[in-house]
Amino acid sequence: QVQLVESGGGLVQAGGSLSLSCAVSARISGYPMGWFRQAPGKEREFVAATSWSGRTYYADSVKGRFTISRDNAKNSVYLQMNSLKPEDTAVYYCAQGFRYSSISYSADEYDYWGQGTQVTVSS
């Protein structure tokens, strides 16, 4: 069983920055990795992903403000979030896709998930 553990969430003022980390208990080389978020009363939504080859993809709502990266040697994935807005408030989840699969914006295409970390942006 692969375990993912997110960290780095917290409370920040609008315009501020946070850096999320996701530590994975198994090798991530060859696997697409993604970040999703879920706000209260809303469905889980795609935020960003990195393919197994290192290409990156972003939701339009975070493009230009968030940066996803991966370190295969450390089995870790990161999400740098800048210029945060109150509407970014949510629980953020790290997820691992299937080996050598294409990037998907659908949560159904991801196999393992972390427990989530709360990000709260105050206005």
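Let us look at the structure shown here. (Residues numbered from 1 in each chain as written. Predicted model: local features only at pLDDT ≥ 70, side-chain atom pairs only at ≥ 80, totals over all residues. Heavy atoms only, no water.)

With that out of the way, let us pick up the nonpolar core. Membership of the largest hydrophobic core comes to 32 residues, with the highest contact counts inside it found for W35, V47, F66, L79, M81 and Y92. Looking at this core, the elements with two or more residues in it are strand 3 (18-24), strand 4 (33-38), strand 5 (45-50), strand 7 (66-71), strand 8 (76-81), strand 9 (90-97) and strand 11 (117-122). Setting aside anything within four residues of it in sequence, one finds Y92 in contact with E6, L20, W35, F36, R37, V47, F66, L79, M81, G116, T117 and V119. (Core = buried A, V, L, I, M, F, W, Y, C linked by side-chain atoms within 4.5 Å. Buried < 20%, exposed > 50% of the residue type's maximum accessible area, 1.4 Å probe, protein only. Helix = DSSP H or I, 4+ residues; strand = E, 2+ residues; numbered from the N terminus. Contact = heavy atoms within 4.5 Å.)

A sheet is described by the order of its strands in space; here four strands give the open sequence 1-3-8-7, paired in antiparallel fashion. Bordering the open sheet on either side are strand 1 (4-7) and strand 7, each of which pairs with just one other strand. Taking the axes of each pair of neighbouring strands and ignoring which way they run, one obtains an average angle of 15° across the sheet. In the sheet, strand 7 pairs with strand 8 via six bridges, with the strands oriented antiparallel. Each bridged residue has a counterpart across the sheet, and for S69 the counterpart in strand 8 is Y78. (Pairing = 2+ DSSP bridges. Axes fitted to C-alpha atoms, helices over the stretch in contact; angles between N-to-C directions.)

So, on to the packing of aromatic side chains. Taken as a whole and judged by the stated rule, the model has seven aromatic pairs. For the pair F36 and F46, a centre-to-centre distance of 5.7 Å together with 80° between the ring planes defines the contact as edge-to-face. One end of the pair, F36, is in strand 4; the other, F46, is in strand 5, with 10 residues separating them in the sequence. Judged by relative accessible area, which is 1%, F36 ranks as buried. By relative accessible area, F46 is classed as buried at 11%. An angle of 75° between the planes, with centres 6.5 Å apart, marks the rings of Y93 and W113 as edge-to-face. Taken as a pair, Y93 in strand 9 and W113 in strand 10 (residues 110-113) lie far apart in primary sequence, 20 residues in all. Residue Y93 is classed as buried on the basis of its relative accessible area, which comes to 13%. For W113, a relative accessible area of 25% translates into the label partly exposed. What links up through ring pairs into an aromatic cluster is the set F36, F46, Y93, Y105, Y110 and W113. (Phe/Tyr/Trp six-rings, centres within 6.5 Å; stacked < 30°, edge-to-face > 60°.)

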